[in-house]
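Listed below are the residues making up each chain.
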Amino acid sequence: MYLKDVTVKNQVGLHARPATFFIQKANEFKSSVWVEKEERRVNAKSLLGVLSLGIVGGTTIRIIADGVDEQAAVDSLVKLVDSAFAE
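Rules and cut-offs
- Residues numbered from 1 in each chain as written.
- Predicted model: local features only at pLDDT ≥ 70, side-chain atom pairs only at ≥ 80, totals over all residues.
- Heavy atoms only, no water.
- Helix = DSSP H or I, 4+ residues; strand = E, 2+ residues; numbered from the N terminus.
- Buried < 20%, exposed > 50% of the residue type's maximum accessible area, 1.4 Å probe, protein only.
- Contact = heavy atoms within 4.5 Å.
- Lys, Arg positive; Asp, Glu negative; His and termini not counted.
- Charge placed at Lys NZ, Arg CZ, Asp CG, Glu CD.
- Phe/Tyr/Trp six-rings, centres within 6.5 Å; stacked < 30°, edge-to-face > 60°.
- Lys NZ or Arg CZ within 6 Å of the ring centre and 35° of its normal.
- Pairing = 2+ DSSP bridges.
- Core = buried A, V, L, I, M, F, W, Y, C linked by side-chain atoms within 4.5 Å.
- Salt bridge = Lys/Arg side-chain N within 4 Å of Asp/Glu carboxyl O.

Draft legend 1. Focus on the overall build of the protein. Along its length, the protein carries three helices and four strands. Listing the helices and strands of the protein from first to last along the sequence gives β-α-β-β-α-β-α. Projected onto the principal axes, the alpha-carbon positions of the protein cover approximately 35 × 25 × 20 Å. For the protein, buried positions account for 44% of its 87 residues. Put simply, 70% of the contacts in the protein that link residues at least 6 apart link residues at least 24 apart. Across the protein, the mean location of the 11 positive side-chain charges is 4 Å away from that of the 11 negative side-chain charges.

Draft legend 2. Focus on the packing of aromatic side chains. Scanning the entire structure with this criterion turns up zero aromatic pairs. The cationic tip of Arg41 hangs over the ring face of Trp34; the distance from NZ or CZ to the ring centre is 5.6 Å.

Draft legend 3. Spotlight on the pairing of strand β3 (residues 40–43). Inspection of the sheet shows strand β2 (residues 32–37) paired to β3 by four bridges, in the antiparallel sense. Bridging from a neighbouring strand, Val35 pairs with Val42 of β3. Connecting β2 to the next strand, β3, in antiparallel fashion are two residues, including Glu38 with a positive phi near 55°.

Draft legend 4. Here's a closer look at the nonpolar core. Leu14, Phe22, Val35 and Ile63 are the most contacted members of the largest nonpolar core, which has 25 residues in total. Where this core is concerned, the elements lending two or more residues are α1 (16–26), β2, β4 (60–66) and α3 (70–82). With six residues, the top contributor of residues to this core is α3. Setting aside chain neighbours within four positions, we find Ile63 in contact with Tyr2, Leu3, Lys4, Val6, Phe22, Val33, Trp34, Val74, Leu77, Val78 and Val81.

Draft legend 5. Local environment of the pattern of salt bridges. Evaluation of the coordinates by the stated rule reveals six salt bridges. Between Asp75 and Lys4 there is a salt bridge whose closest N-O contact spans 2.9 Å. With Asp75 in helix α3 and Lys4 in strand β1 (residues 2–7), the pair connects residues that are 71 residues apart, well separated along the chain. On the basis of relative accessible area, Lys4 is assigned to the partly exposed category, the value being 32%. With a closest N to O distance of 2.9 Å, Glu36 and Arg41 form a salt bridge. Residue Glu36 is classed as buried on the basis of its relative accessible area of 16%. Exposure remark for Arg41: the relative accessible area of 43% places this residue in the partly exposed category. When salt bridges that share partners are traced, they join Asp5, Glu36, Arg41 and Arg62 into one network.

The analysis is restricted to geometry; functional conclusions fall outside its scope.
Below, the structure written as structure tokens:
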């Protein structure tokens, strides 16, 4: 298992468009990937799951992966969040 915390930088957070980019990136990996906000953990490959967290700008989330490419998955998703989803 590999995990990292990252703060969402874009103002609107993970609304529909950035969340779609996020799950598309998560689906590129074989590992199981989750997103955690406070005490809630959801499947990072599920759009409804990610949207249900209500992640807004300035929120710190934890990205967790478990599997053969776990480190690459987490690092890639952290990089995407750090880029503010290129907005």
